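Below, each chain spelled out in residue letters.
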Amino acid sequence: KTIDHRTTGCNITFDKVAREWRCKYAADGEGGPANSASLKAAEELLQSYLPTLKALPNAEVTRVMCGGCHDFKIVVNQPCADHDAWKASDYAPEQEFISKLSAIEGISAVETQEYTCQPL
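Just so it is clear, the model here is predicted, and its values are computed rather than measured.

A. View of the side chain of lysine 16. The residue lysine 16 is located in strand S3 (residues 16-25) in this model. When residues no more than four places from it in sequence are discounted, the contact partners of lysine 16 are Glu60, Asn77, Gln78, Pro79, Cys80, Thr116, Cys117, Gln118 and Pro119.

Here's what the structure looks like:
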C-alpha cells in the first residue's frame, strides 16, 4: 500500500489529517467536571455517535476532556486519502452531531477544526 505523504510550505511532512469537534461544558456546583450535567450529556451524545465515527475508514477516534478549562473535544484522525473522502461528504454526521451538541444546556463555544495530527 502506498502512503499519501503531503508537505506544507515549511517542509512539514504528514500523512494524517484530523477533524476536531470541540466545546466548553458548564462546571458542576463545585467548579469541576464530576457532576456536570452538560459534560454527562456531551459524553452520552458522543457514545451514541461513536460506532459511526469508528466505522469511518482507518479512523482513530479520541476524546479529550479537561477538568480545569472545561474543554470537551472529539478528534477523528485519518490517513489523508480517507480524510479527503470524509471531507467530501461534509464530514457526515458532523452537522447533526454539532446541532445536538449545541442544544445541550450548559454547552458553549461549539467549534470545528481541521489540522494535521501526525504521530512522530
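Read on, since the account is not over.
B. Up close: the state of the cysteines. By the definition in use, this model includes zero disulfides. The cysteine cysteine 66 is free of any disulfide, with cysteine 69 supplying the nearest cysteine sulfur at 3.4 Å. Considering cysteine sulfurs only, cysteine 117 is the nearest to cysteine 80, which forms no disulfide, with 12 Å between them. Relative accessible area serves as the criterion here: at 1%, cysteine 80 is assigned to the buried category.

C. Examining the pattern of salt bridges more closely. Scanning the model with the defined rule gives eight salt bridges in all. Notably, a salt bridge pairs arginine 22 with glutamate 20, separated by 2.6 Å at the nearest N-O pair. Via salt bridges that share partners, Glu20, Arg22 and Glu111 belong to a single interconnected network.

D. Inspection of the side chain of aspartate 82 at higher detail. Tracing the chain through its elements places aspartate 82 in helix H2 (residues 80-88). Assessed through its relative accessible area of 18%, aspartate 82 is described here as buried. Once you skip the residues sitting within four places of it in the chain, aspartate 82 turns out to touch Pro57 and Asn58.

E. Examining the sheet that holds S3 more closely. Spatially, four strands are ordered S4-S5-S3-S6 in an open sheet, and the strand pairing comes out antiparallel. Two strands in the sheet have a free side with no partner beyond their single neighbour: strand S4 (60-65) and strand S6 (107-116). Averaged over all pairs of adjacent strands, the angle between strand axes in this sheet comes to 15°, irrespective of strand direction. Pairing geometry for S4 and strand S5 (residues 71-79), over six bridges, is antiparallel. From the neighbouring strand, valine 64 faces S5, where its bridge partner is lysine 73. Contacts from helix H1 (residues 37-54) reach S3, S4, S5 and S6, with the element oriented near 10° to S5.

F. Inspection of unusual backbone geometry at higher detail. Cis geometry marks the peptide bond from alanine 92 to proline 93, where omega comes out at 15°. Structurally, the position occupied by proline 93 is in the loop between H2 and helix H3 (94-102). The backbone phi angle of aspartate 90 is positive, close to 60°, even though this residue is not glycine. Relative to the helices and strands, aspartate 90 is located in the loop between H2 and H3. Relative accessible area serves as the criterion here: at 52%, aspartate 90 is assigned to the exposed category.

The rules behind these values
Residues numbered from 1 in each chain as written. Predicted model: local features only at pLDDT ≥ 70, side-chain atom pairs only at ≥ 80, totals over all residues. Heavy atoms only, no water. Helix = DSSP H or I, 4+ residues; strand = E, 2+ residues; numbered from the N terminus. Contact = heavy atoms within 4.5 Å. Disulfide = S-S within 2.5 Å. Buried < 20%, exposed > 50% of the residue type's maximum accessible area, 1.4 Å probe, protein only. Salt bridge = Lys/Arg side-chain N within 4 Å of Asp/Glu carboxyl O. Pairing = 2+ DSSP bridges. Axes fitted to C-alpha atoms, helices over the stretch in contact; angles between N-to-C directions.

Honestly, it's all geometry; don't read function into it.
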